[in-house]
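Spelled out from the first residue to the last, the chains are:
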Amino acid sequence: NRAVSSTLMNAVSSRSHSIFTIKVHQKDEEDKTRNVFAKLNLVDLAGSERQKGTGASGATLKEGANINKSLSALGNVINALVENANGKKVFVP
């Protein structure tokens with residue numbers, strides 16, 4: 001379920017992350033030995049908002065802080081994966 005909440009910056013601000021994986025198997029009708037497999041990952045991330053501009057308070061404010069924290073952690077993982085792909089041995093959180 002996609003969670004939303006209203007803030008001053010966005011009336012339907014997404015408050016959740018979602019990951020969808022679609023797997024496709026294509027078969028050749030003429031040549032049964034030919035198969036193509038594919039996997040598509042779709043990611044919908046909750047929006048990052050500056051706390052000052054949202055007018056949020058209480059639970060919504062805390063939720064926004066947690067969203068920003070999780071997006072920051074994701075950025076750290078992506079940066080570490082890029083470093084590893086470039087030959088550096090770094091820890092991937």
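Note that the structure is a prediction, hence the values are computed from the model and not measured.

Calculation rules
Residues numbered from 1 in each chain as written. Predicted model: local features only at pLDDT ≥ 70, side-chain atom pairs only at ≥ 80, totals over all residues. Heavy atoms only, no water. Helix = DSSP H or I, 4+ residues; strand = E, 2+ residues; numbered from the N terminus. Buried < 20%, exposed > 50% of the residue type's maximum accessible area, 1.4 Å probe, protein only. Contact = heavy atoms within 4.5 Å. pLDDT = per-residue confidence, 0-100. Expected span 1.5 Å × (residues − 1). Salt bridge = Lys/Arg side-chain N within 4 Å of Asp/Glu carboxyl O. Patch = residues over 30% accessible without salt bridge, like charges linked within 9 Å, V, L, I, M, F, W, Y side chains within 5 Å. Areas by Shrake-Rupley, 256 points an atom, 1.4 Å probe, with all protein chains shown as cover.

## Quick look at the overall build of the protein chain
Scanning the protein chain from terminus to terminus reveals two helices and four strands. The linear arrangement of helices and strands in the protein chain, starting from the amino end, is β-β-β-β-α-α. Scored against the burial criterion, the 93 residues of the protein chain give a buried share of 15%. Intrachain contacts of the protein chain at a sequence separation of at least 6 include 40% that bridge at least 24 residues.

## A look at the confidence of the model for the protein chain
When pLDDT is averaged along the protein chain, the result is 83; 84% of the residues meet or exceed 70. Across the protein chain, the element-wise mean pLDDT spans from 66 in strand S2 (residues 13-14) up to 92 in strand S3 (residues 18-27).

## Re helix H2 (residues 58-85)
Counted at 1.5 Å a residue, the expected span for H2 with its 28 residues is 40 Å, and the 41 Å between its end C-alpha atoms agrees. Looking one or two places after H2, you find Gly 87, whose phi comes out positive at around 95°.

## Regarding the environment of Ser 57
With respect to the helices and strands, the residue Ser 57 is situated in the loop between helix H1 (51-54) and H2. By relative accessible area, which is 53% here, Ser 57 ends up exposed. Sequence separation between Ser 57 and Thr 7 is 50 residues; the distance between their C-alpha atoms is 9.6 Å.

## Focus: the environment of Asn 76
Within the element layout of this structure, Asn 76 appears in helix H2. Judged by relative accessible area, which is 44%, Asn 76 ranks as partly exposed. Distance in space between the C-alpha atoms of Asn 76 and Pro 93 is 7.3 Å, their sequence separation being 17 residues.

## Thoughts on the pattern of salt bridges
Per the counting criterion, the structure on display carries three salt bridges. Its salt-bridge partner being Lys 32, residue Glu 29 comes within 3.4 Å of it at the nearest N-O pair. Note that Glu 83 and Lys 88 form a salt bridge whose closest N and O atoms lie 3.5 Å from each other. Of the residues examined, Glu 83 reaches a relative accessible area of 30% and is grouped as partly exposed.

## Examining the environment of Ser 18
By the element assignment, Ser 18 lies in strand S3. Spatially, the C-alpha atom of Ser 18 lies 5.8 Å from that of Val 43, the residues being 25 residues apart in sequence. For Ser 18, the contacting residues outside a window of four places in its chain are Leu 42, Val 43 and Asp 44.

## Here's the deal with a nonpolar patch on the surface
A cluster of nonpolar residues, Ile 19, Val 43, Leu 45, Leu 74, Ile 78 and Val 82, forms a patch on the protein surface that exposes about 520 Å² of accessible area. Checked against the element boundaries, Val 82 lands in helix H2. Given a relative accessible area of 43%, Val 82 falls into the partly exposed group.

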